[in-house]
Amino acid sequence: MSTQEIEVLVVGAGQAGVAISEHLTNYGIPHVVLERHRIAERWRTERWDSLVTNGPAWHDRFPNLQFAGIRPDDFASKDQVAEYFTNYAAHFNAPIRCGVEVTSVKKRPGRRGFTVETSEETYAAHYVVAATGPFQAPVIPPIIPQTAVDVQLHSSAYKNPQQLPEGTVLVVGGGSSGVQIADEIQKSGRQVYLSVGPHDRPPRNYRSRDFVWWLGVLGKWEAATPPAGAEHVTIAVSGAQGGHTVDFRDLAVGGITLVGRTAGYETGTVRFNDDLKTNIATGDANYLSLLKEADAYIERNGLDLPEAPEAHVLGDYPDAALDPVLELDLGASGVSSVVWATGYAVDYGWLDVNAFDDAGKPSHQRGVSSEPGVYFLGLPWQSRRGSSFIWGVWHDAKYVADHIVMQRVYHTYRQVPGPRPAPSRRPTRSSPDAVGVQPA
């Protein structure tokens, strides 16, 4: 197998890979993007059928291309997102090779750069960008034995209600994915239990502005780190059905049985924490806090936006929060399926370099790893709150590309041969010609 020299090798052709490729192309830096499947594959095959983006099309896009065929305030479907990135890559003729899997990246001993083994050939790359994003390895907590119900699957494998066997469904996870999946299944005629953990709950739209606009003007997208204790708090917001504010009271009224965070399992029974009311209250506090900040911003800047006093009025807690279900007998309740909307872990088993901390997580500063020449892109909170969003990764990619440009300057530096030119003689305090010093 021959070895091909390349300046920059990018692994992954999702939103992160396409973004960094555009910046490298603009800088004229030779590179290749390797993708084991197709461009934006996870949007194609690891999302449910009815999924739409959680942000409107005017916001959740790259700067240099708008979504085709939808209005700016609409929410793009998963297929439209995949098509968008395919078109965007074609827009600047991105050097993407699909159907090529990267199996190993190792530091070249005693030499600059890395040896990259793939399913087709070997590369020698000066720089490697791991642009595989945050949604790599679906996480299913080891709580309920696989044999306890007919089907257990992660939200990445869920497609539609018809995929599930007849019977009641337990959905674990109260973020955007869990809420939308639970609502869809319930509306298909199933009984649904939804396990709700800690969450943020922004308004979908307030005073004629989407929540992404409010997070922007209030500077919240620029937060460098999550608040203490909220590292794993999810956002409950939805672009489904034209977009709406998620309120767990509405889900309860619609027939979904809300329960607290899933805590354990024993002999056919799932246990839940007695924290449903607390989790709803914390989400409400987050919601009301944003409304208050928005009102203050409008007043301070003299904006002419319509009043919305009704948005500040919350209903009573659902009965399930006041008289919580703490145990669920799966058999007696007819639960045949469990859908885990419980997030993802990263998987960098192919990246055999010194770029990870003791816990195996990427060790980096804004994507610049602890292994010189290796970069990460698409990570949550890589530089700010917006890093793992479509628009945010584009800006992070610009920073990474700029860093690569600077490193190339360092490595192409060559000292000019021959004697150094004599320095210009300038007065100093220790010389006779210095100001205020007279010769003896």
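Everything below is about the structure printed above this text.
What this report covers is the structure whose coordinates are included nearby. (Residues numbered from 1 in each chain as written. Predicted model: local features only at pLDDT ≥ 70, side-chain atom pairs only at ≥ 80, totals over all residues. Heavy atoms only, no water.)

## Remarks on the nonpolar core
Definition in use: Within this scheme, the nonpolar core is defined by two criteria: the residues are buried Ala, Val, Leu, Ile, Met, Phe, Trp, Tyr or Cys, and they are joined through side-chain atoms within 4.5 Å. The classification of residues rests on relative accessible area computed with a 1.4 Å probe and restricted to protein chains. Under 20% of the type maximum is buried, over 50% is exposed, and intermediate values are partly exposed. Put simply, DSSP H or I for four residues or longer makes a helix, DSSP E for two residues or longer makes a strand, and each gets a number counted from the N terminus. Should any heavy atoms of two residues lie within 4.5 Å, those residues are considered in contact.
Membership of the largest hydrophobic core comes to 65 residues, with the highest contact counts inside it found for Phe62 and Phe248. Among the elements that take part in this core, helix H9 (residues 390-412) stands out by supplying 7 residues, more than any other. For Phe62, the residues in contact, after removing those within four places along its chain, are Gln15, Val18, Ala19, Tyr84, Phe85, Tyr88, Ile390, Val393 and Trp394. Counting 22 residues, the second largest nonpolar core, distinct from the first, contains Val105, Phe114, Ala130 and Trp350.

## Quick notes on the sheet that holds strand S15 (residues 257-259)
The condition that has to hold: One bridge is not enough; two strands pair if DSSP finds at least two bridges between them. Orientation is described by axes fitted as lines to C-alpha atoms, over the contacting stretch for helices, and by angles from 0 to 180 degrees between their N-to-C directions.
Pairing is parallel across the open sheet formed by 5 strands, whose spatial order is S8-S19-S9-S10-S15. Looking at which strands have only one partner, the edges of the open sheet turn out to be strand S8 (151-154) and S15. Strand-to-strand twist of the sheet, defined as the mean angle between neighbouring strand axes without regard to direction, takes the value 20°. Where S8 and strand S19 (residues 335-340) come together, 4 bridges link them in parallel fashion. Residue Gln152 lies in a different strand from S19, and its bridge partner there is Val338. Those strands touched by helix H4 (residues 176-187) are strand S9 (168-172), strand S10 (192-195) and S19, and its axis lies near 170° from that of S10.

## A look at the packing of aromatic side chains
What counts here: Centres within 6.5 Å make a pair out of two Phe, Tyr or Trp rings, where for Trp the six-membered ring is used; the pair is then stacked when the planes are under 30 degrees apart, edge-to-face when over 60, and tilted otherwise.
Taken as a whole and assessed by the stated rule, the structure comprises 19 aromatic pairs. With centroids separated by 6.5 Å and ring planes inclined at 85°, the aromatic side chains of Trp213 and Tyr297 adopt a geometry described as edge-to-face. In this pair, Trp213 sits in helix H5 (residues 211-217) while Tyr297 sits in helix H7 (residues 276-301), placing the two residues 84 residues apart along the sequence. A residue is classified by how much of its surface remains accessible, and Trp213, at 22% relative accessible area, is partly exposed. Since its relative accessible area comes to 17%, Tyr297 is described here as buried. Geometrically, the ring pair formed by Trp221 and Trp391 is edge-to-face, given 5.3 Å between the ring centres and 75° between the ring planes. Of the two residues, Trp221 sits in the loop between H5 and strand S14 (234-235) while Trp391 sits in helix H9, which places them 170 residues apart along the sequence.

## A word on H7
As a reminder, the rule being used: The span one expects for a helix is its residue count, reduced by one, times 1.5 Å.
Under the 1.5 Å per step criterion, the end-to-end length of H7 is 38 Å for 26 residues, consistent within 8% with the ideal 38 Å. All of the buried residues in H7 are Leu276, Asn279, Ile280, Gly283, Asp284, Tyr287, Leu290, Leu291, Ala294, Tyr297 and Ile298. Tucked inside the fold, the buried residues of H7 contact strand S11 (199-200), strand S12 (205-206), H5, helix H6 (248-253), S15 and helix H8 (319-322). Phi turns positive, to about 65°, at Gly302, one or two residues after H7.

## As for the side chain of Glu7
Where we set the bar: N or O atoms within 3.5 Å of each other form a polar contact, as long as, within protein, one can give a hydrogen and the other can take it, and as long as residues adjacent in sequence are counted only when both atoms are side-chain atoms.
Structurally, the position occupied by Glu7 is in strand S1 (residues 3-11). One polar contact links Glu7 to Arg408, side chain to side chain, over a distance of 2.8 Å. In contact with Glu7, other than residues within four places in its own chain, are Ile29, Pro30, Arg112, Ala125, His126, Tyr127 and Arg408.

## Focus on the layout of surface pockets
Quick reminder of the rule: In this analysis the probe radius is 1.4 Å and the grid spacing 1 Å, with only protein atoms considered; a cavity is a set of points the probe fits into but cannot get out of, a pocket is an open set with protein on both sides within 12 Å along at least five of seven lines, and lining residues have an atom within 4 Å of a point. Grid points are joined across faces, edges and corners, and a volume is the space filled by probe spheres set on the points. Gly counts as polar in this scheme, as do all residues outside two lists: the nonpolar Ala, Val, Leu, Ile, Met, Phe, Trp, Tyr, Cys and Pro, and the charged Asp, Glu, Lys and Arg.
In this structure, the second largest pocket spans a volume of roughly 270 Å³. Gln180, Asp183, Ala240, Gln241 and His244 are the residues nearest the centre of the second largest pocket, which is lined by 19 residues in total. When residues of the lining of the second largest pocket are traced back to their parent elements, those giving at least two are H4 and H6. A breakdown of the residues in the lining of the second largest pocket according to their chemical character gives 7 nonpolar, 8 polar and 4 charged.

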